[in-house]
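Each chain is listed here by its residues.
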Amino acid sequence: MAVLLSDEKKWNLDGPDGNIKYWHDLRIEPRKFFSRQSGGGSVMVWATFDFNGQVGLAFLDGRQNSPKYIETLEKHLMPFAESIGRRNSQCEYDNAPTHTSSATKNYLNSKNVTVLEWPPMSPDLNQIENVWGIMSRKAFGNGGQFYSVNALKISIESAWYNLEPEILQTLIISMEKRVYDVLLKNGKALNY
């Protein structure tokens, strides 16, 4: 049985999290960036992947709550799981309230989806966070910003669909070591 890893992320026009930070050579004049109130616009993205590198990506409307999250699962997770031949799937995601609500749990149970237990406050165990970081560096390379939500969506899609399967496999393989390292550090942050 394969494990599907999924999560949501908000992407702002001004940068991955609305922050404009980048490394630059101190001998060179830093780039100038424009700034807009609240990042100037954003998109919410949901994604899932498994060891085989097959991926699903969806742009979501508005803030997620339990009914909207269940709709996302129905429209995107279930067809993805079925398309790769995994009707009885295991999913891994964080403890966000929309993920852990009784309505979401009941929905996943009705679809024979097992949710792996997730310890609280454990960002080092969530491989999709690493994927978001890789995608952010590609989408916002060299401190890039976007003038339209559509341009941002195109860049996110390009970063997502050009991920090498080996990256996803390496992240999944790293899970055993991550769990061990988190246990050794009593849950403190790691260098992942």
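Nothing here was measured: the structure is a model prediction, and the numbers come from that model. (Residues numbered from 1 in each chain as written. Predicted model: local features only at pLDDT ≥ 70, side-chain atom pairs only at ≥ 80, totals over all residues. Heavy atoms only, no water.)

Q: Even after reading the chapter, I still don't get helix H1 (residues 66-83), so can you show me in this structure?
A: Every α-helix carries 3.6 residues per turn, so stepping three or four residues along brings you back to the same face. With 18 residues, H1 extends 24 Å from end C-alpha to end C-alpha; this agrees with the ideal 26 Å at 1.5 Å per step. Largest kink in H1: about 35 degrees, centred on leucine 73. Inspection of H1 places Ser66, Tyr69, Ile70, Thr72, Leu73, Leu77, Met78, Phe80 and Ala81 among the buried residues, and these make up the whole buried set. Residues of H1 that are buried make contact with strand E1 (3-12), strand E2 (42-49), strand E3 (55-60), strand E4 (90-92), helix H2 (97-100) and helix H3 (102-110). A side-chain oxygen of the first residue of H1 lies 2.9 Å from the backbone nitrogen of lysine 68; this N-cap is asparagine 65. (Helix = DSSP H or I, 4+ residues; strand = E, 2+ residues; numbered from the N terminus. Expected span 1.5 Å × (residues − 1). Bend = angle between axes of the 7 residues up to and from the residue. Buried < 20%, exposed > 50% of the residue type's maximum accessible area, 1.4 Å probe, protein only. Contact = heavy atoms within 4.5 Å. Polar contact = N/O pair within 3.5 Å; in protein donor to acceptor, adjacent residues only side chain to side chain.)

Q: Even after reading the chapter, I still don't get the side chain of threonine 98, so can you show me in this structure?
A: Within the fold, threonine 98 resides in helix H2. In contact with threonine 98, not counting residues within four places along its chain, are Gln64, Asn65, Ser66, Tyr69 and Thr104.

Q: I'm lost on the side chain of aspartate 7 in this one. Help?
A: Mapped onto the elements, aspartate 7 comes out in strand E1. Buried and without a salt bridge, aspartate 7 has lysine 9 as its closest oppositely charged side chain, separated by 8.5 Å. Residues in contact with aspartate 7, not counting those within four places in the same chain, are Val45, Trp46, Ala47, Asp94, His99, Asn126, Ile128, Glu129 and Trp132. (Lys, Arg positive; Asp, Glu negative; His and termini not counted. Salt bridge = Lys/Arg side-chain N within 4 Å of Asp/Glu carboxyl O.)

Q: It is not clear to me how the packing of helix H4 (residues 127-139) against helix H5 (residues 149-161) should be interpreted in this structure. Could you clarify?
A: Each packed pair of helices is defined by two parameters, the angle between the axes and the distance between the axes. Interhelical geometry of H4 versus H5 gives an angle of 125 degrees and a closest axis separation of 9 Å. With respect to H5, the axis of H4 lies oblique. Once H4 is placed against H5, the crossing between them reads as right-handed. Where H4 approaches H5, its residues Val131, Met135, Lys138 and Ala139 are matched on the opposing element by Ser155, Ile156, Ala159 and Trp160. A class-by-class count of the residues in the contact of H4 with H5 yields six nonpolar, one polar and one charged. (Axes fitted to C-alpha atoms, helices over the stretch in contact; angles between N-to-C directions. Parallel < 35°, antiparallel > 145°, perpendicular 65-115°, else oblique. Left-handed = near helix turned anticlockwise from the far one by under 90°. Nonpolar A, V, L, I, M, F, W, Y, C, P; charged D, E, K, R; others polar.)

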